Amino acid sequence: MNVLVIGGAGYIGSHCVRQLSAAGHRAVVLDNLVFGHRAAVGAEVPFYQGDLGDAVFVGQVLEAEKIELVMHFAAFAFVGESVENPLKYYENNLAKPITLLKTMVTHGVGKFVLSSTCATYGVPAELPIVEDMPQNPINPYGQSKLDLENVLRATAVAHGLSFASFRYFNAAGAAQDGSIGEDHDPETHLIPLVIQAAMGQRKSTSIFGTDYPTPDGTCLRDYVHVDDLSRAHIAAIPHLEKPGQQLFYNLGTGKPQSVREVIDTVEKVSGLKVPVQEGPRRPGDPPSLYADSSKAQNELDWKIHHLDLETIIATAWNWHKTHPEGFRE
Ligand code: UDP
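As the structure is a computational prediction, the values presented were derived from the model and not from experiment.

Chemist: Looking at this structure, I do not really get the sheet that holds strand E11 (residues 246-251). What am I missing?
Modeler: Sheet strands pair by backbone hydrogen bonding; their relative direction is either parallel or antiparallel. What the seven strands build is an open sheet, ordered E3-E2-E1-E4-E5-E6-E11; its pairing is parallel. One side of each edge strand has no neighbouring strand; the edge strands of this open sheet are strand E3 (47-49) and E11. Pairwise comparison of adjacent strand axes, ignoring direction, gives a mean angle of 20 degrees for this sheet. Sheet analysis places strand E1 (residues 2-6) next to strand E2 (residues 26-31), joined by five bridges and oriented parallel. Within E2, the residue paired with Val3 across the bridge is Ala27. Sheet strands in contact with helix H2 (residues 55-64) are E1, E2, E3 and strand E4 (69-72), and its direction is about 170 degrees off that of E3. Helix H4 (residues 86-106) rests against E1, E4 and strand E5 (111-117) of the sheet, and its axis sits at about 165 degrees to E5.

Below you can see the structure in the form of structure tokens.
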């Protein structure tokens, strides 16, 4: 299938492009390179630099490449920034994808896959999280994704769009061969920050809160390997054949891991000491988030290859060790 991957030069998008090609699909990348890296996309993959909100440009790409399905990864995802600058988030994560969906409808492209997020659930009343639990996001980032999910529902009813919305837990790790991995600027995610502290690129790692009601007092999250996330996207493709499909899936391993466990595992994998500073809670962080992803496993036959944190962190370590400056080399 001809698949347009918007944000295909970013962290999750670039891993998905690899998996699409490996599964025999033809991936085409559209990325504005604001956060993405050109070097994250192989030279053999058609690449268009531009913005998803540019209807004329996107329309031309849809036609020229005979696109049948669009995967959308190009969202802003800094929770704190979304609180300070909500309009930026609603514009990029909601208004522009609406323009994209209009363009798809105009050009007769009827299949869509969305990177959604566990942030749409807010602070869950129960754990693990299942898909039909109430969604009450506690920040504009999560709200913008939930709003887009609702736009998709209405578009499916009105225009027959078939879509899958994947609610990611914490994407982590890097390609097995170490050639692509996580490279954000600024970096805010725990695993790369801890690895950079181990490598001496940062003075220390801060633990955001040690007084949570969790076994060791630090937040629990569900770290899922980026290649496992990507494989779910490919597994969804055959389920989007019939018009009007509305699919929602949690993607996580279901294993809660604390901030301290992440730090200990980085030390174990790298053999290096991580300088740690205990700090206050970060506003907007729920104490504990982990998935029940049995729906994706059962309906999509999604298999999790990287179940334990050590294997996931080993792939991240391999990427950072061999690319200390990320893609800027
Ligand atoms: N975290 C931390 N120190 C950091 C960055 C993150 O203690 O420097 C914690 C954060 O509070 C959360 C977990 O690590 O509990 C994962 O945070 P991250 O930003 O990686 O992902 P999020 O869960 O916010 O999507």
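Chemist: Where do I start with the packing of H4 against helix H5 (residues 140-159) in this structure?
Modeler: Angle between the axes and distance between the axes are the two parameters that describe a pair of packed helices. Relative to each other, H4 and H5 sit at 15 degrees, their axes nearing to 9 Å. As far as their axial angle goes, H5 and H4 are roughly parallel. In the crossing of H4 with H5, the sense of the turn from one axis to the other is right-handed. Of the residues in H5, those touching H4 at Pro86, Tyr89, Tyr90, Asn93, Leu94, Pro97, Ile98, Leu101 and Val105 are Pro140, Tyr141, Gln143, Ser144, Asp147, Leu148, Val151, Leu152, Thr155 and His159. Looking at the contact of H4 with H5 residue by residue, the classes come out as 13 nonpolar, five polar and one charged.

Chemist: What is the right way to read the site of the ligand from this model?
Modeler: Every one of the 14 residues lining the ligand counts as a neighbour, but Leu190, Ser206, Phe208, Arg282 and Asp285 are closest to it. Measuring from an oxygen atom of the ligand, one finds a backbone N or O atom of Thr188 at 3.4 Å. Asp285 has a polar side-chain atom sitting 2.5 Å from an oxygen atom of the ligand. Contact with the protein chains removes 87% of the 510 Å² of surface that the ligand exposes when unbound. For the shell around the ligand, the secondary-structure elements that each account for two or more residues are helix H6 (190-198) and strand E8 (205-208). Top element by residues in the shell around the ligand is E8. It accounts for three residues. In terms of residue class, the shell around the ligand is made up of seven nonpolar, four polar and three charged.

Chemist: Sorry, what's going on with the packing of helix H1 (residues 11-22) against helix H7 (residues 226-236) here?
Modeler: At their nearest, the axes of H1 and H7 sit 9 Å apart, and the two run at 60 degrees to each other. Looking at the two axes, H1 sits oblique to H7. Handedness of the H1/H7 crossing: right-handed. Contacts between H1 and H7 involve Tyr11, Ile12, His15, Cys16, Gln19 and Leu20 on the former and, on the latter, Val226, Asp227, Leu229, Ser230, Arg231, His233 and Ile234. Here the contact of H1 with H7 is built from residues that sort into seven nonpolar, four polar and two charged.

Chemist: Please clarify how H6 should be interpreted in this entry.
Modeler: Owing to its 3.6 residues per turn, the α-helix brings residues three or four apart onto one side. Within H6, nine of the nine residues are buried, leaving the element largely enclosed by the surrounding structure. Of the residues making up H6, those classed as buried are Leu190, Ile191, Pro192, Leu193, Val194, Ile195, Gln196, Ala197 and Ala198. Looking at the buried positions of H6, the neighbouring elements they touch are strand E7 (170-172), E8, strand E10 (223-225), helix H8 (259-270) and helix H10 (309-322). Phi for Gly200, located one or two positions after H6, is positive at around 85 degrees.

Chemist: What exactly am I supposed to notice about the nonpolar core here?
Modeler: Burial of nonpolar side chains together is a common tendency in soluble globular proteins. In terms of nonpolar packing, the biggest core is built from 36 residues, with Leu20, Met71, Phe166, Leu251, Leu300 and Trp302 touching the most fellow members. Elements that contribute at least two residues to this core include exactly E1, H1, E2, E4, strand E6 (162-168), H7 and E11. The element best represented in this core is H7, accounting for six residues. In contact with Leu20, other than residues within four places in its own chain, are Val3, Val5, His25, Ala27, Met71, Ile234 and Ile237.

Calculation rules
- Every residue gets a number counted from 1 within its own chain, in the order that chain's sequence is written.
- A pLDDT threshold of at least 70 governs which residues receive local features in this predicted model, and a stricter bar of 80 or more applies before side-chain atom pairs are shown or counted, although totals over entire chains, interfaces and linings include all residues.
- In computing side-chain properties, one takes all heavy atoms of the structure into account and sets aside hydrogens as well as water.
- When DSSP finds at least two bridges between two strands, those strands are taken to pair.
- Counting from the N terminus, the helices are the DSSP runs of H or I reaching at least four residues and the strands are the DSSP runs of E reaching at least two.
- Note on method: axes are straight lines fitted to C-alpha atoms, helices fitted across the in-contact stretch only, with angles between N-to-C directions ranging 0 to 180 degrees.
- Note on definitions: a residue-residue contact is assigned when non-hydrogen atoms from the two residues lie within 4.5 Å.
- To sort the angles, those under 35 degrees are grouped as roughly parallel, those over 145 as roughly antiparallel, those from 65 to 115 as roughly perpendicular, and the leftovers as oblique.
- Note on convention: near helix rotated counterclockwise from far helix by under a right angle means a left-handed crossing. Clockwise means right-handed.
- Any residue that is not Ala, Val, Leu, Ile, Met, Phe, Trp, Tyr, Cys, Pro, Asp, Glu, Lys or Arg is counted as polar, Gly included; the first ten are nonpolar and the last four charged.
- Proximity is defined per residue: any heavy atom of the residue falling within 4 Å of a molecule or strand makes that residue near it.
- As used in this structure description, the phrase polar contact means that two N or O atoms lie within 3.5 Å; if the pair is within protein, one of them must be able to donate a hydrogen and the other to accept it, and residues adjacent in sequence are counted only when both atoms belong to side chains.
- In these tables, accessible area is a Shrake-Rupley quantity obtained with a 1.4 Å probe, and a residue counts as shielded only by the protein chains included in the view.
- Only protein chains enter the calculation, and the probe is 1.4 Å; a residue is then buried if its accessible area is under 20% of its type maximum, exposed if over 50%, and partly exposed in between.
- Residue types Ala, Val, Leu, Ile, Met, Phe, Trp, Tyr and Cys, when buried and joined through side-chain atoms within 4.5 Å, form a set referred to as a nonpolar core.

So yeah, pure geometry; function would need other evidence.
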